[in-house]
Every structure is written in structure tokens, then in C-alpha cells.
Amino acid sequence: MAMVTRVPFTSSAHFHKLSLLSSLTDGRLPEFSTLSSFSRNRNRRKGFAGFAVVAMADSGKSTVLVTGAGGRTGQIVYKKLKENSGKYAGRGLVRTEESKQKIGGADDVYIGDIRNFDSIVPAIRGIDALIILTSAVPKMKPDFDPTKGGRPEFYFEEGAYPEQVDWIGQKNQIDAAKAAGVKQIVLVGSMGGSTPNHPLNSLGNGNILVWKRKAEQYLADSGVPYTIIRAGGLQDKEGGIRELLVGKDDELLQTETRTIARADVAEVCLQALQYEEAKFKAFDLASKPEGTGTATKDFKALFSQITTRF
């Protein structure tokens, strides 16, 4: 049995977004073509002048969506959600059918383009929390020859620049989640955002950290409880065996502890959903080298170290 919640109508500019959410209240999810038809005929529907209706799952589990679920870190988060099925009803959002099949092809993996608000609404319907792991990905130009020395050059594919993915795409996710009444958004970004001339910004002339930072600020200003994790250099290593470090304003970049295992980032994402100490906070995240320090197990204590809201 579904619970029906009224969401106040605040702006005509958001009517289309809210009405798309309201179309997903009963039964099975409609096909995307149905959503498009609904948007064209929304003014013919009765009862949407003052509010939109959002269906919330009546379940003891927390429904959590991870976007970018086909990526290397996103796959780990999605897997952890499924492994903790007693606590979470996990969902994934990917961009292609190929990515969906890569992580198992389950019905709880949705296909959508974060640059298109309408296409991500079905995945966000009824969720309690959102973990954002989408990011633009620079590609190396194919004519680079390492035997000739020099540095490789990078580019972003057409339509997949950081402004489109890390700003517009993340803004769409935040807006849709807020309209759906989510209780928390966890956003994974990167260290280096406080340094405008950081080398990552020069890759493909994409200013990727600039756009990521803009999306982070948008989330912090949204009013939705948030946790912003600015991860250090990501490594494909085993998680749970290192001491994690939190910092602010890229101070960890000035140390020798600037990296972190993807599995540890994924674990922090899930742990952030469990503690009030993680809400309305933004922090840099790295780890000590394996074999030094004590592996982090007390995440409440870890989050309690953080005092910065942004």
C-alpha cells in the first residue's frame, strides 16, 4: 500500500518536474514514452494546480539510489546496497543498457541521462536517499605516443563536458530528489576544488573541479540534508583496512596522504546515511597508507571530527 504525500506547489517553472513525479503514483512505472505524453497533456489533468502527488514506498527499508552505478566506484556502492538488503532497498541509475548489464541487469537498475531531467524521474520516484557518483570523464587523445616524451592531451566527448555532466546533470539530480522529498543526498566530488589553477581543471579545458564545486554549493543551498565527500586520488584497492582521514580546504593535498581506495569511499557513502553527525557537512577524504595507523571502524567518531558545512 502506498503512502501519498502532498508537496506544495511553489513555482510554475517547476510544474513540469513536479507533474512528472506525480505521474508515477500508481502501479508499475510507465514507459518513458508515457512520461513524454503525460508532459504534453499535463494541463488536461485535474488536481495538479495546487500540489503534486508523490508515492512513497511503505517499507521499513530505506530506498537508496546510486547514480553513476556503472562506474568503478558506483558499482561498489550498488553492490554494498544489495549486500545490505535487510537495511536498504538499493537502486542504480546508469546511462546505457550496456552499463546496466555490466552490473547484473536487475530491474532495480534504471537507464536515464542525468542531463535530461525527465529521464531520471522514474529512478528517483519514492527514494529516501540519493548517492551521486556521476562525473564527466576526460579521454586521452589517441595520437599520443609515450615513446616521444611529452605529456598526453585530453578531451571530453561532445555533450559530456563537465559543465553538462557535473553541473547541469548534478543540478537535475538535486532538483528531482528535492521534489521527491528525499531525506538526504550524498554527493561524491574531488579534492582540489578550492584551487582554481589545479591541474585537473586544465584537462580538456573542462574546468571540472570548478563545475563540481558549483554543484556542491547548489546542494548546500538546497535545504536538503547533505553530505559532500571530496575524495582524494581514487585507487582500486581493498577497503576497510586503512585509517581514514578527513580534512577541509584541500589541506590533505599538502601531505603524503592524498589517496583513498574506492571501496573506502563507497563505505563512507553508506555510513553517511546512518549518522546525524554526517548531515549538513562537507569534507575532504583520504587515508593513511596500508599498515600504518588503525583501520577506521567508528564512523560516528569520524563524522564527528568534521565541523565544516561547506
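Here the structure is a predicted model, which means the values were calculated and not measured.

What about the pattern of salt bridges?
Here is step 1: Within this structure, the stated rule accounts for 14 salt bridges.
Here is step 2: A salt bridge links Arg-230 to Glu-216; the shortest N-O distance between them is 2.8 Å. Of the two residues, Arg-230 is situated in strand E10 (residues 226-231) and Glu-216 in helix H8 (residues 208-220); the sequence distance between them amounts to 14 residues.
Here is step 3: Here Lys-300 makes a salt bridge to Glu-277, at a shortest N to O gap of 3.9 Å. Taken together, the positions of Lys-300 in helix H10 (residues 299-304) and Glu-277 in the loop between helix H9 (262-272) and strand E14 (281-287) put the pair 23 residues apart, joining distant regions of the chain.
Here is step 4: On the basis of relative accessible area, Glu-277 is assigned to the partly exposed category, the value being 23%.
Here is step 5: Each of Arg-72, Asp-236 and Arg-262 takes part in one network of salt bridges that share partners.

Quick word on the nonpolar core
One broad trend across soluble globular proteins is that nonpolar side chains are buried collectively.
Here is step 1: Within the largest apolar cluster, 34 residues are counted, with the highest numbers of intra-cluster contacts made by Ile-131 and Leu-285.
Here is step 2: Here the element with the most residues in this core is H9; it accounts for 6 residues.
Here is step 3: Apart from residues no more than four positions distant in its own chain, Leu-285 is found in contact with Met-191, Ile-229, Arg-230, Ala-231, Gly-232, Leu-244, Leu-245, Val-246, Leu-252, Ile-260, Val-265 and Val-268.
Here is step 4: If you look at the next biggest cluster of nonpolar residues, it comprises 30 residues, including Leu-65, Leu-130, Ile-132 and Ala-136.

Some points on the sheet that holds strand E6 (residues 129-132)
Here is step 1: Ordered in space as E5-E4-E3-E6-E9-E10-E14-E12, the 8 strands form an open sheet in which the pairing is mixed. Since the sheet does not close on itself, it has two edges, and those belong to strand E5 (109-111) and strand E12 (244-247), each with one partner. Strand after strand, the sheet turns through a mean of 25° between neighbouring axes, direction not considered.
Here is step 2: Of the pairings in the sheet, the one linking strand E4 (residues 88-94) to E5 comprises 3 bridges and is parallel in character. Bridge pairing in E5 links Leu-93 to Tyr-110.
Here is step 3: Its contacts with the sheet place helix H3 (residues 72-83) against strand E3 (62-67), E4, E5 and E6, and it is angled at close to 155° to E4.
Here is step 4: On top of the sheet, H8 reaches strand E9 (184-190) and E10; it is set at about 160° to E9, its chief contact.

Focus: the packing of aromatic side chains
Here is step 1: A complete count under the given rule lists 5 aromatic pairs for this structure.
Here is step 2: Ring centres of Phe-156 and Tyr-161 lie 5.8 Å apart, and the angle between their planes is 45°; this geometry places the pair in the tilted category.
Here is step 3: Relative accessible area serves as the criterion here: at 33%, Tyr-161 is assigned to the partly exposed category.
Here is step 4: Judged by centre distance (5.6 Å) and plane angle (80°), the ring pair of Tyr-226 and Phe-280 falls under edge-to-face. Residue Tyr-226 is located in strand E10, and its partner Phe-280 is located in the loop between H9 and E14; the two are separated by 54 residues in the primary sequence.
Here is step 5: The class of Tyr-226 is buried, set by a relative accessible area of 2%.
Here is step 6: Of the residues examined, Phe-280 reaches a relative accessible area of 31% and is grouped as partly exposed.
Here is step 7: In this structure an aromatic cluster arises from ring pairing among Tyr-275, Phe-283 and Phe-303.
Here is step 8: Sitting over the face of the ring of Phe-310, Arg-230 holds its NZ or CZ atom 4.8 Å from the ring centroid.

Rules behind the numbers
- Residues numbered from 1 in each chain as written.
- Predicted model: local features only at pLDDT ≥ 70, side-chain atom pairs only at ≥ 80, totals over all residues.
- Heavy atoms only, no water.
- Salt bridge = Lys/Arg side-chain N within 4 Å of Asp/Glu carboxyl O.
- Helix = DSSP H or I, 4+ residues; strand = E, 2+ residues; numbered from the N terminus.
- Buried < 20%, exposed > 50% of the residue type's maximum accessible area, 1.4 Å probe, protein only.
- Core = buried A, V, L, I, M, F, W, Y, C linked by side-chain atoms within 4.5 Å.
- Contact = heavy atoms within 4.5 Å.
- Pairing = 2+ DSSP bridges.
- Axes fitted to C-alpha atoms, helices over the stretch in contact; angles between N-to-C directions.
- Phe/Tyr/Trp six-rings, centres within 6.5 Å; stacked < 30°, edge-to-face > 60°.
- Lys NZ or Arg CZ within 6 Å of the ring centre and 35° of its normal.

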